Amino acid sequence: FKTFMNTPRRLKNSLPDYLVMVDDDTYFNVDLFQEHVAAIDPNEPRILSGCMFEANPLIGIPFEFPYGGFGVVYTKETIKQMNTPIKCNNIDETTSSLRHASFVRSACGVIEQNQIGELEFFRDGMSVVDLISAYSAQVENLCLHSDWIIGYMAKYYLSLVPPRRVFWSNSKAVTLHPIRTWPFQCGNNTQAEPCSATKSMFCHSQTPQDLEAMTAENQLLYPEHYKYGKNRNNDTYNNIGSITSAISIEKSNEYATNPAAKGPNVSKGTNIQHDPEYFWQTATQWLIDKSNEYATDLAQRGPDEAKDWVEKLRNDTILSGGANIQHEPEYYWKAASQWLTPRQVLPSFIENDELAGIFHQLRNGKIIKASSAKGGSQTKLLLDIEGGQQVIFKPQR
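**So, the packing of aromatic side chains**
Turning to step 1, where the next piece is worked out: Across all of its chains, the model carries 16 aromatic pairs by this definition.
Turning to step 2, where the next piece is worked out: Between Phe53 and Tyr67 the ring centres are 5.9 Å apart and the planes differ by 25°, which places this aromatic pair in the stacked class. Taken together, the residues span a long stretch of sequence, with Phe53 in strand E4 (residues 52–53) and Tyr67 in the loop between strand E5 (65–66) and strand E6 (72–75) at a distance of 14 residues.
Turning to step 3, where the next piece is worked out: On the numbers, 4.8 Å between centres and 25° between planes, the contact of Phe53 with Trp182 is stacked. Placement of Phe53 in strand E4 and of Trp182 in the loop between strand E7 (177–178) and strand E8 (202–203) is noted, with a sequence separation of 129 residues between them.

**Quick word on unusual backbone geometry**
Turning to step 1, where the next piece is worked out: Here the phi dihedral of Asn114 falls at roughly 60°; this positive angle occurs in a residue that is not glycine.
Turning to step 2, where the next piece is worked out: Structurally, the position occupied by Asn114 is in the loop between helix H5 (98–113) and helix H6 (128–138).
Turning to step 3, where the next piece is worked out: The exposure class assigned to Asn114 is partly exposed, which follows from its relative accessible area of 30%.
Turning to step 4, where the next piece is worked out: Phi is positive for Ser205, which is not a glycine, with a value near 60°.
Turning to step 5, where the next piece is worked out: Relative to the elements of secondary structure, Ser205 occurs in the loop between E8 and helix H8 (208–221).
Turning to step 6, where the next piece is worked out: Taking the relative accessible area as the measure of exposure, Ser205 reaches 34% and is therefore partly exposed.

**Quick word on the sheet that holds strand E3 (residues 47–49)**
The pairing of strands in a sheet happens through backbone hydrogen bonds and is either parallel or antiparallel.
Turning to step 1, where the next piece is worked out: If you walk across this open sheet you meet the 4 strands as E1-E6-E3-E7, and the pairing is mixed. With partners counted over all chains shown, the strands left at the sheet margins are strand E1 (18–21) and E7, one partner each.
Turning to step 2, where the next piece is worked out: The sheet contact formed by E1 and E6 spans 4 bridges and is antiparallel. Note on E6: the bridge partner recorded for Tyr18 is Thr75.
Turning to step 3, where the next piece is worked out: Packing against the sheet, helix H3 (residues 30–37) makes contact with E1, E3 and E6, and its axis sits at approximately 140° to E1.

**Brief notes about the packing of H6 against helix H7 (residues 146–157)**
Turning to step 1, where the next piece is worked out: At a minimum axis distance of 12 Å, the contact between H6 and H7 shows a crossing angle of 140°. In terms of orientation, H6 and H7 fall into the oblique class. Here the hand of the crossing between H6 and H7 comes out right-handed. Contact with H6, carried on its side by Val128, Leu131, Ile132 and Ser136, involves Ile149, Met153 and Tyr157 of H7 and no other residues of that element.

**Some words on the sheet that holds strand E10 (residues 381–385)**
Turning to step 1, where the next piece is worked out: Strand order in the open sheet formed by 3 strands is E9-E10-E11, and the pairing between neighbours is antiparallel. Pairing within the sheet leaves two strands with one partner each, and these edge strands are strand E9 (367–372) and strand E11 (389–393). Across the sheet, the axes of successive neighbouring strands diverge by a mean angle of 25°, strand direction being ignored.
Turning to step 2, where the next piece is worked out: As defined by bridge partners, E10 adjoins E11 across 5 bridges and the pair is classed as antiparallel. Opposite Asp384, over in E11, you have Gln390 as the bridge partner.

**A word on the state of the cysteines**
Turning to step 1, where the next piece is worked out: Scanning the entire structure with this criterion turns up 2 disulfides.
Turning to step 2, where the next piece is worked out: Here Cys51 engages in a disulfide with Cys186; their sulfurs sit 2.0 Å apart. Across the S-S bond linking Cys51 and Cys186, the dihedral sits near 85°, which makes this disulfide right-handed. Of this pair, Cys51 sits in the loop between E3 and E4 while Cys186 sits in the loop between E7 and E8; the two residues are 135 residues apart in sequence, bridging distant segments of the chain. Across the pair, Cys186 and Cys51 agree in class, each one buried.
Turning to step 3, where the next piece is worked out: The disulfide bridge from Cys88 ends at Cys108, spanning 2.1 Å between sulfur atoms.

**A word on the nonpolar core**
Turning to step 1, where the next piece is worked out: Judged by nonpolar contacts, the single largest core of 37 residues is most densely connected at Ile47, Tyr74, Ile86, Val128, Leu131, Tyr157 and Leu158.
Turning to step 2, where the next piece is worked out: Those elements giving two or more residues to this core turn out to be E6, helix H4 (76–82), H5, H6 and H7.
Turning to step 3, where the next piece is worked out: With residues near it in sequence (within four places) discarded, Ile86 still touches Val104, Ala107, Cys108, Ile111, Phe122, Asp124, Gly125, Met126, Ser127 and Val128.
Turning to step 4, where the next piece is worked out: Counting 17 residues, the second-largest nonpolar core is a separate cluster that includes Phe33, Phe53, Val73 and Met201.

**A word on helix H13 (residues 329–339)**
Turning to step 1, where the next piece is worked out: Where H13 is concerned, the buried positions are Pro329, Tyr331, Tyr332, Trp333, Ala335 and Trp339.
Turning to step 2, where the next piece is worked out: Summarising the contacts, the buried residues of H13 are in contact with helix H14 (354–364), E10 and E11.

Reading guide: rules and limits
- The numbering scheme is per chain: residues are counted from 1 as the chain's sequence reads.
- The predicted nature of this model means local features are confined to residues of pLDDT at least 70 and side-chain atom pairs, given and counted, to a pLDDT of 80 or more, with totals for whole chains, interfaces and linings taken over all residues.
- Excluded from the side-chain calculations are hydrogens and water; all other atoms, namely the structure's heavy atoms, are used.
- When the centres of two rings from Phe, Tyr and Trp lie within 6.5 Å, Trp using its six-membered ring, the rings pair. Their planes under 30 degrees apart give stacked, over 60 give edge-to-face, and anything left gives tilted.
- Runs of E in the DSSP output that reach at least two residues are strands. Runs of H or I that reach at least four are helices, and both are numbered from the N terminus.
- The buried label goes to any residue with under 20% of its type's maximum accessible area, the exposed label to any with over 50%, and the partly exposed label to all in between, with areas taken from a 1.4 Å probe on protein chains only.
- Following DSSP output, two strands are said to pair if at least two bridges run between them.
- In what follows, residue pairs with any heavy atoms lying within 4.5 Å of each other are defined as contacts.
- Axis definition: a line fitted to C-alpha atoms, limited for helices to the stretch in contact. Angles are taken between N-to-C directions and run from 0 to 180 degrees.
- Each angle is binned into one of four classes, with values under 35 degrees roughly parallel, values over 145 roughly antiparallel, values of 65 to 115 roughly perpendicular, and all other values oblique.
- Working rule for handedness: look at the near helix, and if it is turned counterclockwise from the far one by less than a right angle, call the crossing left-handed; if clockwise, right-handed.
- Any cysteine sulfur atom paired with another within 2.5 Å is treated as part of a disulfide.
- As used in this record, nonpolar core signifies buried Ala, Val, Leu, Ile, Met, Phe, Trp, Tyr and Cys residues forming a set joined through side-chain atoms within 4.5 Å.

The following block contains the structure:
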């Protein structure tokens, strides 16, 4: 981190919106990351954790900290804070920014408390990065893992925007913004489902074969994001079809003989018999066949099950027991955004009148702006509703 901050980039004052730090055996889905941070302002101080350990003093965890291998993300404002000179002898001269001045005053107080013995290594004008680097390099007995140091720094030194408590999450986070939480969500080395190339933002402890296969799987869904590859002299990219196909074939054979087998593994002597296009076409046809099977399955469920589902959905749109709206509009729009996945628009179970609240906002929310939506042959209105939500109004034919 200190090396990064000492590059010419810092001198030009052109910091990135986000600094993403991961291990070299971690798969990083940039598409999911961009979706996740779309509503985040990088000019606000936040630290995102790909997998976070929650604080639990009963078992000796005094503060939350990231599982670093799953990725740690720093916003631009956080990077600025971490590199702000801390001049405790004359705080008013430290910076002209009131926000940074407040941060410096707080940091000086933490240094004075000397909770882990860092006071000995502090020199006036150091930044948090400078202090932590000096402490880590010179302290006689360093008993803090780097992940713990990040947690300590986040809790006691940095003035961060706290994570927002939301109804769909049981997270107890108060400092870091967890993307996933240990041990039930992170995948790999936890009690969660295994990592997924298209559903997991960070996948840790991956082999080179895993990384290549997961990249190819994501490329199959989003080929437009990989246009650069064929214009580069990139053996990994050019051979990725063969690599993925070999892994898929071997994995299928392994599961056939051992259903409990995990992880892709190309056996020695395996040769690819076809061009990459053959395997892409095969995968596409497989997806089509699966879609047809799903449609047939729905049709065979019968009218009674469909009727029950429609009735339940109708009930979910009505406030239960004459209840009143309990939250601001932003609460309900955020709920709706969390439901949407590549396979569903609504979850199978909706609680706490969220859907009813959304319908209430659609019926009663204040329209901030109206414009004509582009696309298609029928006139549609694009409405901006209070709470920062855009909706489409399409007249019935």
